[in-house]
Amino acid sequence: MTDQLTARRQDELLRTMHTDLYIDGAWREATGGRRFAVENPATGEELTTVADADPADAMAALDAADRAQAGWARTAPRERGEILRRAFELITARADDFALLMTLEMGKPLAESKGEATYGAEFFRWFSEEAVRIAGRYSAATDNKSRVLVTKRPVGPSILITPWNFPLAMGTRKIGPALAAGCTVVLKPAQLTPLTALLLAQVLEEAGVPAGVVNLVPTTRAGDTTGPLLQDPRARKLSFTGSTGVGRALLADASGQVLRTSMELGGNAPFLVFEDADVDAAVAGAMAAKFRNGGEACTAANRFLVHEAVAEEFTAKLVEKVRAVRLGPGTDDGVTLGPLVEEKARDKVQAFVADAVAHGAAVLLGGEVPEGPGWFYPATVLTGAGPQARLHREEIFGPVVSITTFADEAEAVRLANDTEFGLISFAFTTDLARGLRMAEVLETGMLGLNSGVISNPAAPFGGVKQSGIGREGAHEGIEEYLETVYVGIADPLA
Ligand SMILES: NC(=O)c1ccc[n+]([C@@H]2O[C@H](COP(=O)([O-])OP(=O)(O)OC[C@H]3O[C@@H](n4cnc5c(N)ncnc54)[C@H](O)[C@@H]3O)[C@@H](O)[C@H]2O)c1
Ligand SMILES: O=CCCC(=O)O
């Protein structure tokens with residue numbers, strides 16, 4: 001896309017979109033007219049400003065969600081499904097606008113943002129189909145002297161908190177099942193990426209979501225703003241996606257009201273390449289697992305563990321592929337790696353690489369911050385960092401590959417599981433039994449078997465250990481927003 005065309009579309013989009021709070025079906029200013037700036041990570045320049053909710057605004061959003069709850073829960077499932085289906089179609093029709101906003105506010109290349117528009121919309125289509133499939137059961141008790149009736153009902157007003165890295169999909173993956181189940185919501189998007197969430201709220205309004213069912217409160221004061229909501233007995237559910245540290249703190253906050261919680265937290269994915277792997281397939285998988293979203297994904301491969309018999313071939317082929325990665329603004333044609341989201345993020349990645357070098361790593365490619373504006377960091381390949389290097393213990397969240405070797409399967413599994421995280425693992429092998437064994441022995445919520453990207457609305461996404469609680473997407477996703485009610489019935493034949 002030419003610079004001029006992008007600039008014209010950007011101006012038009014930012015000028016015409018809503019940037020206020022969306023509460024009770026109306027767009028309104030924040031208390032005191034407070035606003036905050038949203039910046040472009042490719043330039044460091046301000047894109048626009050957005051209303052900055054305070055605790056009173058957030059409480060107004062919960063008031064609205066609470067008022068709308070009973071009516072929304074009584075809506076016909078088909079009607080809820082049709083509204084979600086319309087929202088899917090509207091996002092699809094405006095995919096270019098969503099993509100441009102995502103690229104502008106978080107940096108990824110336009111082609112990837114387009115991919116997220118499709119992925120994010122798909123959660124609405126999936127849950128439009130799930131809305132009409134909420135089922136209970138009726139059965140005999142073990143002694144046949146009574147009957148067991150099980151029904152489902154919506155949990156109730158839900159507080160949704162989302163991160164910046166997938167600004168659309170992390171929202172639709174929560175709003176879709178919540179609305180399908182009959183729950184109203186208050187969404188607090190990440191401070192760095194409120195624009196995509198604002199356009200999403202606009203689309204939901206156009207799709208016919210009634211007033212109060214979806215409320216949106218961007219804010220710069222996350223804890224102060226959502227904290228009181230978690231202590232309010234009208235809120236019945238917290239669904240959070242973000243870092244493990246914040247998730248841990250929110251779990252403690254949610255304990256006051258014993259809230260239902262879903263926690264989609266951080267990862268430290270091992271990427272295992274066994275001696276029997278198809279090395280070319282492993283390299284293609286590694287590129288996808290590492291460089292999707294510029295490495296700023298909870299699913300990003302964090303530790304490459306390669307059998308010593310294939311390590312040289314794998315490393316050489318991977319370096320060739322990584323050399324072809326093109327760093328630049330996500331709006332530029334041909335760019336395959338955008339900037340990191342903010343200066344702090346780039347400083348952290350740079351510090352991880354310096355620490356890895358101090359732990360014995362050799363830098364095969366990249367590793368130097370380029371001159372000029374924007375929070376760019378180059379695609380980087382390291383080998384030989386010791387196990388205590390920070391980038392093997394924490395999420396890198398950047399375009400850095402760190403390769404180490406193992407001698408046998410037992411060592412690979414021991415290294416892979418040596419982390420408090422357990423979101424996703426990857427394994428490349430042509431041995432079916434070994435692949436299935438990995439599904440049983442790796443401490444992980446998800447396994448990419450000979451595949452570098454497995455995110456899909458039809459799949460239950462989520463982690464074990466400190467990577468979270470609960471699942472999003474798939475049939476499991478709607479259960480997170482449903483209560484199970486048991487009715488014991490005296491034997492009707494007695
Ligand atoms: N498991 C998953 O599905 C998944 C998906 C995407 C991202 N993530 C994780 O998210 C992290 C990156 O996102 P991030 O930097 O936005 O995470 P973050 O934890 O800093 O923030 C996530 C959200 O929580 C809000 N927040 C921060 N402190 C809060 C508080 N005290 N009270 C209420 N809300 C608060 C933020 O404003 C943001 O909206 C990574 O760790 C990544 O692995 C996980
Ligand atoms: O950041 C986490 C990845 C999100 C996804 O793949 O759905």
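Residues numbered from 1 in each chain as written. Chains lettered and ligands numbered in written order. Predicted model: local features only at pLDDT ≥ 70, side-chain atom pairs only at ≥ 80, totals over all residues. Heavy atoms only, no water.

1. Notes on the site of ligand 2
Right, so step 1: Taken together, Y119, N165, F166, M170, R173, R292, A297, C298, T299, S455 and F461 form the complete shell of residues around ligand 2.
Right, so step 2: Contact between ligand 2 and N165: an oxygen atom at 2.8 Å from a side-chain N or O atom of the residue.
Right, so step 3: Measuring from an oxygen atom of ligand 2, one finds a side-chain N or O atom of R173 at 2.9 Å.
Right, so step 4: Relative to its unbound accessible surface of 240 Å², ligand 2 loses 99% to contact with the protein.
Right, so step 5: The residue inventory of the shell around ligand 2, partitioned by class, reads six nonpolar, three polar and two charged. (Near = heavy atom within 4 Å. Polar contact = N/O pair within 3.5 Å; in protein donor to acceptor, adjacent residues only side chain to side chain. Areas by Shrake-Rupley, 256 points an atom, 1.4 Å probe, with all protein chains shown as cover. Nonpolar A, V, L, I, M, F, W, Y, C, P; charged D, E, K, R; others polar.)

2. Details of the packing of aromatic side chains
Here a ring pair, both rings aromatic, is described through the centre-centre distance and the interplanar angle of the planes.
Right, so step 1: Scanning the entire structure with this criterion turns up eight aromatic pairs.
Right, so step 2: Each member of the aromatic cluster is reached from another via a ring pair, and the members are F271, F304, F314, F426 and F428.
Right, so step 3: One residue, R173, lies across the ring of F461, its end atom 4.0 Å from the ring centre. (Phe/Tyr/Trp six-rings, centres within 6.5 Å; stacked < 30°, edge-to-face > 60°. Lys NZ or Arg CZ within 6 Å of the ring centre and 35° of its normal.)

3. A look at the nonpolar core
Right, so step 1: One finds F98, F124, I175, L179 and L195 to be the most contacted residues of the largest nonpolar core, which totals 64 residues.
Right, so step 2: Among the elements that take part in this core, helix 7 (residues 194-207) stands out by supplying nine residues, more than any other.
Right, so step 3: Leaving out residues up to four positions away in the same chain, L195 has contacts with L14, M17, V38, L47, T48, V50, L101 and E105. (Core = buried A, V, L, I, M, F, W, Y, C linked by side-chain atoms within 4.5 Å. Buried < 20%, exposed > 50% of the residue type's maximum accessible area, 1.4 Å probe, protein only. Helix = DSSP H or I, 4+ residues; strand = E, 2+ residues; numbered from the N terminus. Contact = heavy atoms within 4.5 Å.)

4. Thoughts on the domain arrangement of the chain
Right, so step 1: Each assigned domain of the chain is listed with its residue range as follows: domain 1 (3-266 + 468-484) and domain 2 (269-418 + 424-456).
Right, so step 2: Placing a centre on the C-alpha atoms of domain 1 and another on those of domain 2 gives a separation of 30 Å.
Right, so step 3: Listed by partner, the interface residues are 23 residues for domain 1 and 28 residues for domain 2.
Right, so step 4: Note on domain 1 versus domain 2: buried area summed over both sides is about 1900 Å², and carbon and sulfur give 60% of it.
Right, so step 5: Taken together, the connections running from domain 1 to domain 2 amount to zero salt bridges.
Right, so step 6: Counting only elements with at least two residues in the side of domain 1 that touches domain 2, the list comes to helix 1 (3-16), helix 4 (95-106) and helix 5 (110-130).
Right, so step 7: In terms of residue count, helix 4 provides more of the side of domain 1 that touches domain 2 than any other element does, five residues in total.
Right, so step 8: In the side of domain 1 that touches domain 2, the residues fall into twelve nonpolar, six polar and five charged. (Domains from an automatic or database assignment. Buried area = accessible area lost by both parts, 1.4 Å probe. Salt bridge = Lys/Arg side-chain N within 4 Å of Asp/Glu carboxyl O.)

5. Regarding the pairing of strand 13 (residues 301-307)
Right, so step 1: Most of strand 13 is tucked away, with seven of its seven residues classed as buried.
Right, so step 2: One ladder, built from five bridges, connects strand 12 (residues 269-273) with strand 13; its direction is parallel. In the sheet register, P270 faces strand 13, and the bridge partner there is R303.
Right, so step 3: In this fold, the crossover linking strand 12 to strand 13 by way of helix 10 (residues 279-291) has right-handed handedness.
Right, so step 4: Here strand 13 runs beside strand 16 (residues 400-406); their pairing, made up of four bridges, is parallel. In the sheet register, H307 faces strand 16, and the bridge partner there is F406. (Pairing = 2+ DSSP bridges. Right-handed = clockwise from strand over helix to strand, strands pointing away.)

6. What to know about the site of ligand 1
Right, so step 1: Within the structure, ligand 1 sits among 27 residues, and T162, R173, S243, L265 and E395 are positioned closest to it.
Right, so step 2: Taking G242, its main chain carries an N or O atom lying 3.4 Å from an oxygen atom of ligand 1.
Right, so step 3: Protein contact buries 83% of the 840 Å² of open area that ligand 1 shows by itself.
Right, so step 4: When residues of the shell around ligand 1 are traced back to their parent elements, those giving at least two are helix 6 (169-181), helix 8 (222-230), strand 10 (237-241) and helix 9 (244-254).
Right, so step 5: Each residue belonging to the shell around ligand 1 can be placed in one class, and the counts come to 15 nonpolar, eight polar and four charged.
Right, so step 6: Among the domains, domain 1 (3-266 + 468-484) and domain 2 (269-418 + 424-456) are the pair contributing at least three residues each to the shell around ligand 1.

7. Digging into the pattern of salt bridges
Right, so step 1: Enumeration according to the criterion identifies 29 salt bridges in this entry.
Right, so step 2: Close ionic contact of E472 with K174 constitutes a salt bridge, the shortest N to O distance being 2.8 Å. Of this pair, E472 sits in the loop between strand 19 (468-469) and helix 16 (474-479) while K174 is found in helix 6, placing the two residues 298 residues apart along the sequence. In this pair, the class of E472 matches that of K174, namely buried.
Right, so step 3: Its salt-bridge partner being R434, residue E275 comes within 3.5 Å of it at the nearest N-O pair. Placement of the pair is E275 in the loop between strand 12 and helix 10 and R434 in helix 15 (residues 432-441), with a sequence separation of 159 residues.

8. Notes on the side chain of T219
Right, so step 1: Looking at where T219 falls in the secondary structure, it is placed in the loop between strand 9 (214-216) and helix 8.
Right, so step 2: Its relative accessible area of 1% is what places T219 among the buried residues.
Right, so step 3: In terms of polar contacts, T219 uses its side chain to reach the side chain of T225, at 3.2 Å.
Right, so step 4: Contact partners of T219, with chain neighbours within four places excluded, come to F36, D52, A53, K188, Q191 and T225.

9. Section: the packing of helix 1 against helix 4
Right, so step 1: Where helix 1 meets helix 4, the axes come as close as 11 Å, and the angle between the chain directions of the two elements is 100°. Regarding the angle of helix 1 to helix 4, the classification is roughly perpendicular. Between helix 1, through T6, R9, Q10, L13 and L14, and helix 4, the contact on the second element is made entirely by D96, D97, L100, L101 and L104.
Right, so step 2: Grouping the constituent residues of the contact of helix 1 with helix 4 by class yields five nonpolar, two polar and three charged. (Axes fitted to C-alpha atoms, helices over the stretch in contact; angles between N-to-C directions. Parallel < 35°, antiparallel > 145°, perpendicular 65-115°, else oblique.)

10. As for helix 10
For an α-helix the count is 3.6 residues per turn, leaving residues at separations of three or four pointing the same way.
Right, so step 1: Taking 1.5 Å as the rise per residue, helix 10 with 13 residues should run 18 Å; its terminal C-alpha atoms sit 18 Å apart, in good agreement.
Right, so step 2: Along helix 10, the residues classified as buried are V279, A282, V283, G285, A286, M287, A289, K290 and F291.
Right, so step 3: Its buried side turned inward, helix 10 meets helix 5, strand 12, strand 13, helix 11 (311-323), strand 16 and strand 17 (424-428).
Right, so step 4: By the N-cap criterion, in which a side-chain oxygen at the helix start approaches the backbone nitrogen of a residue two or three places on, helix 10 is capped by D278, the distance to D280 being 3.1 Å.
Right, so step 5: Within two residues after helix 10, N293 carries a phi angle of roughly 60°, on the positive side. (Expected span 1.5 Å × (residues − 1).)

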